[in-house]
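Chain by chain, the residues:
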Amino acid sequence: MLQAETIELKDDIDSNRGAKGSFDVRSLVRWESGLGIVLIASLIIGTVASPQFLTSANFFNIGLSVGDIAIMALPLTLIVISGEIDLSVASILGLSSSLLGFLWIHGWPIQLIIPVVLIDGAILGFINGFLVTKLGLPSLAVTIGTLTLYRGIALILLGSNIVSNFPASYTTIGVNPIPGTPLPWSVGIFLILALIFGVVAHFTPLGRSIFAIGSNSEAAAYSGIKVKQIKMRLYILSGVVCSLAGILFTFRLATAEYDNATGLELNAVSIVLLAGVSIFGGRGTIIGVVLAAATVGAIGNALLLANFPQQAMGLINGGLLLISVFVPNARELFGRLRGHYARRRLVGLRRG
Amino acid sequence: MNLTIYLEIFGGTSLSNDKDSVISLTGAKKYFGAVHALEDGQIDLFAGEAHALVGENGAGKSTLVKIFAGLHRPDSGSLKFDGNEVFFNSPRDAIEAGVAVIYQEPTLFPDLTVAENIFMERQPQRSFRRIDYRSMNKAARVIFSRLEVDLDPTRLALGLSIAEQQIVEIAKALSLEARVIIMDEPTAALSSVEVHRLFRVAETLKNSGVAILFISHRLDEVFTLCERVTVMRDGRFVLTTMSSETNEDALVRAMVGRDVERRSDQIRGIDLKPLLEVEHLTLEGLFADISFTVAAGEVVALSGLVGAGRSEVATAIFGVRRYDYGSVKVGGKALKRGSPSSAMAAGIGLVPEDRRLQGLVMEQSIARNIAMGSFKSLKRKGLIRSLTETRFAADWSVKLQIKYGNLGNSVSTLSGGNQQKVVLAKWMSRSPKVLIVDEPTRGIDIGTKAEVHRLILELAKSGVAVLVISSELPEVLNLADRILVMREGRLVAEFDHKGATEEAIIAAATLSKEVKAA
């Protein structure tokens, strides 16, 4: 009997290992491989559109255009997987940028400003988290509120001042790539963060818990997962990472302004959804976010080189967003349509 | 019309009857990928008759119901309504044809009145498309009087008991002139008084010529209500018989394909020192002054009516619900209030009442669900590998004999009984000191039920303090060394295993006089 059980157990593991490869991974990879194809397609289109596309200088430009947004998209991904949203990311970036400028014109040393700005990001994230977890308010409403609130504070802080007298040693990160690569610093930081986020999301108890919360927060709580604590920490993390993005953004443009990165939260959300992260929570991968960020950057740049009017870029972002919500649900939608027509046929038959 | 099929239906039916067949399904097959949910679905419903469909979980009953309800299309087989072949492509087709399904837990609109719920999308109208409330309420009253129930059509659906909600659904079905009413485990969450009332309504329906398909795990109900019984096993039709020509044992044999032994009493060495101590636990409005202990190796049952506050006490002990006063101790050490992780650290586990909502993350894999309470112990150098998780899950699936296609599939692909075993595995794998099981066998089949009972008793034997909450008295009597009875948020009686009878427990749970026994 015991022996039989052992053999059975071995079979289970074997069959499951095969199945893991065929089920779990396949369904996830399908979206990511689709993204990969879109990315390659946009690279080809870019190459055709302009001979400059495939140059290292241009790769640097692509990196610069999406680096900060992609960084914001990482913690946002975890928040969306946990079933919530944070629309205040770009405002946290803007407020951090303003605070940086404000402290700089008041003569603070950069070495002190940076930690203060990061702490400020943590506080802003904590406010979001407090409203969502302690007061139980819907995160969509809360972060729309703090989206305007934080931007308002940035305006009070800096007014219409534009701070741009930062030391050149810092602002070179907007001009020079990481030595030996065509990548800007923001992309390097993004990739390192993506690696950390990927490991946390997919290979740690915390990651498992975040997915469980997003799928069924009640069952997660009944499994001893600290739902509120984890959500709170994700918001704080989002605040810190966004203020880091704010610092990079400011140095990259060598400019601190209250309206830095206005509206970029939607680009961050587009990347997250294009990555295949379910807006309802519980599903998504970090590798998807990396691919989505690259795709968004490549498409935007290819269109730029093809002289596509920059004012109309919203068309592309909005379109990508809709497509990424539509495609995962497409099968169900088509199924519904089919049922609809089949029923009409049936009704027709019945009348006839 | 295809003559061979015609002959198959009318020439091939083994039970000839003078009543008219309203709806019949023959040779139905339904596959979901590689899973054969239904191999040979066959049932014939007659006007004015209640027909029971019984079988273990996974026998294919739900699939069959979903075919009738228009939610699934069979891959092959034929569905006939009044002798004509029909295709239900959507629930609407089924409703239009006259098939209504009453689910175990109806989904009414809580903020609308009873009458508005009944006539949703079909409200009688006055000029300018205004809803004619007077005639709508009147029509609802007419239906209720036909059903001989007393329910106010103008009250909000909010706050209706599950039993009343089912009656509203039945009224809705009648307003749609349904000729077939399918009741999918309607009695699982009902008290015996409510079951009685539901049966009275069902009799009225039968008398008015409605064909009823009744699905239940409680065989006594089958014999009370139904003229005819169909047994299914492993997706296949086993037999159809008149219920007057069979008995419970024969049905159980047909359902499980073997004899089920009834458990005998067992004597265990129970530690005299209490392991779980609950003192003066109080939560305003839900329960008050609850004190009891459970010793290692002991099974204590918390009995009482649905709504007496039993689950609330359990969730308060486990920490997902906060309490106002009192204390919970494990091994003499007080737990932090309102903290499941502190309860778990002290060795408490809770198999919750609602496994779909509280016990499982339905869209995640079987392996992930089993491992959900053990993430911390599964990590090596901070990381969890999928293989470790899968091995762990496979190990426990074998121990609990969980039947699954593969561990990477989502847990929603399992039958109810196996889902419950997954929840049990999640907690047993943590080697708990105290395990609270809330309605451990609700809605699961007889075979699995016996296995779950065996697991609970084995746990106790190995020194776990077990607290069982159950609405099924035979289960309580079967499992428990001591039985505590709750009524309206208070502990009102305690029985030991020998002194307890169903009658005494019911009396304590329902009467206002306190019963002291044993």
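Residues numbered from 1 in each chain as written. Chains lettered and ligands numbered in written order. Predicted model: local features only at pLDDT ≥ 70, side-chain atom pairs only at ≥ 80, totals over all residues.

1. A short note on the confidence of the model for chain A
All names here are of chain A.
Part 1 of the reasoning: Averaged over all residues, the pLDDT of chain A is 85; the fraction at 70 or higher stands at 86%.
Part 2 of the reasoning: For the stretch residues 1-26, pLDDT sits under 50, and the model shows 28 contacts to residues farther than four places along the chain or on other chains.
Part 3 of the reasoning: Taken as a whole, residues 346-352 scores under 50 in pLDDT and shows three contacts with residues more than four places along the chain or in a different chain. (pLDDT = per-residue confidence, 0-100. Contact = placed C-beta atoms within 7 Å.)

2. Examining helix α11 (residues 227-253) of chain A
All names here are of chain A.
Part 1 of the reasoning: If you check α11, its first and last C-alpha atoms are 39 Å apart, about what 27 residues at 1.5 Å a residue would give, namely 39 Å.
Part 2 of the reasoning: Burial of α11 is extensive: 21 of the 27 residues sit out of reach of the surface.
Part 3 of the reasoning: Of the residues flanking the end of α11, it is Ala254, one or two places downstream, whose phi is positive at about 55°. (Helix = DSSP H or I, 4+ residues; strand = E, 2+ residues; numbered from the N terminus. Expected span 1.5 Å × (residues − 1). Buried ≥ 20, exposed ≤ 12 C-beta atoms within 10 Å, placed from the backbone.)

3. Here's the deal with the nonpolar core
Part 1 of the reasoning: Core analysis: the largest hydrophobic core is formed by 177 residues, its most contacted members being Met72(A), Ala73(A), Ile271(A), Val272(A), Val289(A), Ile436(B) and Val466(B).
Part 2 of the reasoning: What Ala73(A) contacts, discounting residues up to four positions off in sequence, is Ala268(A), Ile271(A), Val272(A), Val289(A) and Ala293(A).
Part 3 of the reasoning: One finds Ala140(B), Ile167(B), Leu213(B) and Val222(B) within the second-largest nonpolar core, a separate group that totals 70 residues. (Core = buried A, V, L, I, M, F, W, Y, C linked by C-beta atoms within 7 Å.)

4. Quick word on the domain arrangement of chain B
All names here are of chain B.
Part 1 of the reasoning: For chain B, the assigned domains are domain 1 (17-108 + 161-256), domain 2 (110-159) and domain 3 (274-510).
Part 2 of the reasoning: A separation of 32 Å is found between the C-alpha centroids of domain 1 and domain 3.
Part 3 of the reasoning: Contacts between the two partners involve 13 residues from domain 1, matched on the other side by 14 residues from domain 3.
Part 4 of the reasoning: If one sorts the elements of the side of domain 1 that touches domain 3 by residue count, helix α9 (residues 248-256) sits on top with three residues.
Part 5 of the reasoning: Tallied by class, residues from the side of domain 1 that touches domain 3 come to seven nonpolar, four polar and two charged. (Domains from an automatic or database assignment. Nonpolar A, V, L, I, M, F, W, Y, C, P; charged D, E, K, R; others polar.)

5. Some details on the sheet that holds strand β18 (residues 465-469) of chain B
All names here are of chain B.
Part 1 of the reasoning: The mixed open sheet is built from six strands, whose spatial order is β16-β17-β18-β13-β19-β20. For this open sheet the edge positions go to β16 (348-351) and β20 (490-496), each flanked by a neighbour on one side alone. With strand direction ignored, the average angle separating the axes of adjacent strands in the sheet is 20°.
Part 2 of the reasoning: Two strands pair when backbone bridges link them, and strand β13 (residues 299-304) and β18 are joined in this way by four bridges, in the parallel orientation. For Val299, the partnering residue across the bridge sits in β18 and is Val466.
Part 3 of the reasoning: Along the sheet, helix α17 (residues 446-461) makes contact with β13, β17 (434-438) and β18, crossing β18 at roughly 150°. (Pairing = 2+ DSSP bridges. Axes fitted to C-alpha atoms, helices over the stretch in contact; angles between N-to-C directions.)

6. Concerning the packing of helix α12 (residues 264-274) of chain A against helix α13 (residues 286-305) of chain A
Residue and element names in this part refer to chain A.
Part 1 of the reasoning: It is the contact of α12 with α13, at a shortest axis distance of 8 Å, that shows an interaxial angle of 125°. On the basis of the axis angle, α12 is oblique to α13. Crossing of α12 over α13 shows right-handed handedness. Of the residues in α13, those in contact with Ser270, Ile271, Val272 and Leu274 of α12 are Val289, Ala292, Ala293, Thr295 and Val296.
Part 2 of the reasoning: When grouped by side-chain class, the residues that make up the contact of α12 with α13 number seven nonpolar, two polar and no charged. (Parallel < 35°, antiparallel > 145°, perpendicular 65-115°, else oblique. Left-handed = near helix turned anticlockwise from the far one by under 90°.)

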